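Summary of the model geometry
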Amino acid sequence: MSVCDSPKQQSDRLIPSRQRLFVMLVLLLAGCLSSATGSIVAPVFPEIIEQLQIDPGWAGVLVSAHTLTTALASPVLGLLANRWGVLPILLPSLVAYAVFGVGGAIAANFWTMLLCRGLVGAASGGIAAGSIGLLSNLYGGEARSRMMGYATSALASATVVFPILGGWLGLYHWRWAFGLYGLSLPVAIAAAILFPRQVQQLSQTVDLRQAQGIRQVLQQRKIWFLFAALAAVSAIFYVVVVYAPLYLKAAIGASSLLNGIVLASRAIGAAVLSAVGANRLAKAIGLSSTIAVGFLCMALSLAAIPNLVNPSLILLTALLFGLGFGLVMPNFYSGLANLSPDSQRSGVLALGTGFASLGQFVSPLIFGSVWKAAGGSVFYAAAGIAVIIGILSWQRR
């Protein structure tokens with residue numbers, strides 16, 4: 001096998017199409033678990049704050065703590081996946097995800113919960129680095145863009161299912177929701193059994209000189225604009241994840257199940273647009289215009305949240321937010337993939353995931369004081385930032 005071949009040529013030769021389908025499904029399942037790290041516990045977040053007696057200004061850190069360790073772990077583990085292959089990174093990460101995720105169920109105070117959240121975030125970074133990089137290498141050209149849309153749709157679909165399950169389990173006790181992290185163990189077993197040895201060969205196509213070439217890729221200004229945009233949109237996204245359940249519980253006495261359904265509605269919109277709309281709209285009106293439309297939808301839905309008390313209207317607003325998010329994220333990741341050479345793509349996408357996770361972590365640090373001081377006005381602040389980023393994205397077309 002020649003390292004000069006593209007990943008698509010290598011995957012066509014090394015992995016039969018049927019096996020490639022199994023590999024893709026396992027990678028998508030792993031990615032779904034990684035994307036659901038925060039949404040599993042978000043519906044029971046108000047109950048955790050109440051029982052553990054956490055200061056509201058710092059409470060959001062519990063939901064986003066895992067994103068900091070994900071941001072730190074993803075780039076490192078992405079580069080190691082390029083060097084060592086996917087399986088040595090993916091399998092231990094899936095096992096650690098289950099152990100540390102379920103460990104949150106026995107946390108007795110803020111600090112033990114924070115430790116578990118941080119460790120599960122590091123494991124989530126390993127899952128993202130192992131799954132997204134290899135998934136992008138299985139396909140090339142326009143097929144890769146479609147696959148990124150399907151992947152974003154699958155990840156968004158996970159954030160439909162898991163908040164509902166977590167909210168339902170939270171009706172019995174908030175600690176039960178943490179048991180959902182244990183689902184990563186069957187995925188790890190499936191990966192160990194179903195992944196052919198050729199997957200390891202496909203992922204080990206980068207020598208040391210090629211890995212060092214990522215520095216040249218990072219000299220592109222467009223790359224850094226995309227990194228910054230991913231961090232910003234993720235910070236806005238987490239305003240909804242963290243503070244919408246708190247607002248709904250205070251405003252209308254929402255249960256954990258209703259909070260889960262609201263979060264799921266947001267994810268449904270993202271799933272639909274990511275799968276069938278983002279790529280087509282980008283072709284029709286251009287990438288920058290599509291991203292600007294997505295940010296506009298997010299801003300409108302954020303500004304509407306503090307003015308609603310009707311559950312049906314709240315669900316429609318959450319759906320609108322998801323539609324906007326589904327327009328933005330796959331196009332950002334597709335842009336990163338298109339700007340990256342084949343040999344550095346896993347590392348660059350892992351860096352993108354890291355910046356997105358960093359944005360999620362700083363979200364409660366930025367908006368927590370706004371929430372503590374002004375309550376629902378936090379949504380107006382996030383809407384204003386969304387408008388600004390949308391304008392900047394459109395101007396940089």
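Attention here is on the structure that accompanies the text. Just so it is clear, the model here is predicted, and its values are computed rather than measured.

1. Structural notes on the overall build of the protein chain
If you tally the helices and strands in the protein chain, you get 17 helices and zero strands. A total of 397 residues make up the protein chain; the buried ones form 59% of that total. Within the protein chain, contacts between residues at least 6 apart in sequence are counted, and of these 85% link residues at least 24 apart. When the accessible surface of the protein chain is totalled, it reaches about 15700 Å², and 67% of it is carbon and sulfur.

2. Considering empty space enclosed by the protein
Inspection of the entire model under this criterion finds three cavities of 30 Å³ or more. Roughly 110 Å³ of internal volume is contained in the second largest cavity. Lining the second largest cavity are Val240, Ala244, Tyr247, Leu248, Val262, Ile305, Leu308, Ile314, Thr317, Ala318 and Phe321. When contributions to the lining of the second largest cavity are tallied by element, the ones reaching two or more residues are helix 12 (221-252) and helix 15 (311-338). Considering only residue class, the lining of the second largest cavity consists of 10 nonpolar, one polar and no charged.

3. A word on the packing of aromatic side chains
Counted by the stated rule, this structure contains 15 aromatic pairs. Aromatic side chains Tyr97 and Tyr181 sit 5.4 Å apart centroid to centroid with 65° between the ring planes, which places their arrangement in the edge-to-face category. Placement of Tyr97 in helix 5 (residues 87-103) and of Tyr181 in the loop between helix 7 (141-170) and helix 8 (184-194) is noted, with a sequence separation of 84 residues between them. Accessibility expressed as a relative area gives 0% for Tyr97, which makes it buried. Tyr181 gets classed as buried once you look at its relative accessible area, which sits at 0%. Aromatic pair Trp224 and Phe355: ring centres 5.8 Å apart, planes at 85°, arrangement edge-to-face. Residue Trp224 is found in helix 12, and its partner Phe355 is found in helix 16 (residues 345-374); the two are separated by 131 residues along the sequence. The class of Trp224 is partly exposed, set by a relative accessible area of 41%. What makes Phe355 partly exposed here is its relative accessible area of 22%.

4. Description of the pattern of salt bridges
What the rule picks out here adds up to one salt bridge. The shortest N-O distance in the salt bridge between Glu47 and Lys249 comes to 3.7 Å. Taken as a pair, Glu47 in helix 3 (residues 45-52) and Lys249 in helix 12 lie far apart in primary sequence, 202 residues in all.

5. Some words on the side chain of Ser34
Relative to the helices and strands, Ser34 resides in helix 2 (residues 17-35). On the basis of relative accessible area, Ser34 is assigned to the buried category, the value being 13%.

6. Thoughts on helix 14 (residues 287-304)
For helix 14, with 18 residues, the first-to-last C-alpha span of 26 Å sits near the 26 Å given by 1.5 Å per residue. Within helix 14, the full set of buried residues consists of Ser288, Ser289, Thr290, Ile291, Ala292, Gly294, Phe295, Cys297, Met298, Ala299, Ser301 and Leu302.

7. A short note on a nonpolar patch on the surface
A cluster of nonpolar residues, Val95, Val99, Phe100, Leu115, Leu119 and Leu185, forms a patch on the protein surface that exposes about 480 Å² of accessible area. Per element, the largest residue contribution to the nonpolar patch is three residues, and it comes from helix 5. In this fold, Val99 is placed in helix 5. Under the relative-accessibility criterion, Val99 is labelled exposed at 51%.

8. Structural notes on the nonpolar core
Grouped together as the largest cluster of nonpolar side chains are 95 residues, with contacts concentrated most on Ile48, Tyr243, Phe295, Leu302, Phe332 and Leu336. Residue contributions to this core peak at 18 residues, all from helix 12. In contact with Phe332, not counting residues within four places along its chain, are Leu226, Ala229, Leu230, Val233, Ile291, Phe295 and Ser393. Membership of the second largest hydrophobic core comes to five residues, among which are Leu77, Ala81, Ile89 and Ala129.

9. Remarks on the side chain of Ser124
Of note, Ser124 is situated in helix 6 (residues 110-137). Overall, Ser124 belongs to the buried group, its relative accessible area being 2%. A polar contact of 3.3 Å, which involves the side chain of Ser124, links it to the side chain of Thr37. The residues contacting Ser124, other than those within four sequence positions of it, are Ser34, Thr37, Thr70 and Tyr97.

10. A word on the environment of Ala65
Relative to the helices and strands, Ala65 resides in helix 4 (residues 56-84). Judged by its relative accessible area of 7%, Ala65 falls in the buried class. In this structure Ala65 touches Leu114, Arg117, Gly118 and Phe361, once residues within four positions along its chain are discounted.

Basis of the calculations
Residues numbered from 1 in each chain as written. Predicted model: local features only at pLDDT ≥ 70, side-chain atom pairs only at ≥ 80, totals over all residues. Heavy atoms only, no water. Helix = DSSP H or I, 4+ residues; strand = E, 2+ residues; numbered from the N terminus. Buried < 20%, exposed > 50% of the residue type's maximum accessible area, 1.4 Å probe, protein only. Contact = heavy atoms within 4.5 Å. Areas by Shrake-Rupley, 256 points an atom, 1.4 Å probe, with all protein chains shown as cover. 1 Å grid on protein atoms, 1.4 Å probe; cavity = no way out; pocket = protein on both sides within 12 Å on 5 of 7 lines; lining within 4 Å. Points joined across faces, edges and corners; volume = space filled by probe spheres on them. Nonpolar A, V, L, I, M, F, W, Y, C, P; charged D, E, K, R; others polar. Phe/Tyr/Trp six-rings, centres within 6.5 Å; stacked < 30°, edge-to-face > 60°. Salt bridge = Lys/Arg side-chain N within 4 Å of Asp/Glu carboxyl O. Expected span 1.5 Å × (residues − 1). Patch = residues over 30% accessible without salt bridge, like charges linked within 9 Å, V, L, I, M, F, W, Y side chains within 5 Å. Core = buried A, V, L, I, M, F, W, Y, C linked by side-chain atoms within 4.5 Å. Polar contact = N/O pair within 3.5 Å; in protein donor to acceptor, adjacent residues only side chain to side chain.

This is a description of form; function is not addressed.
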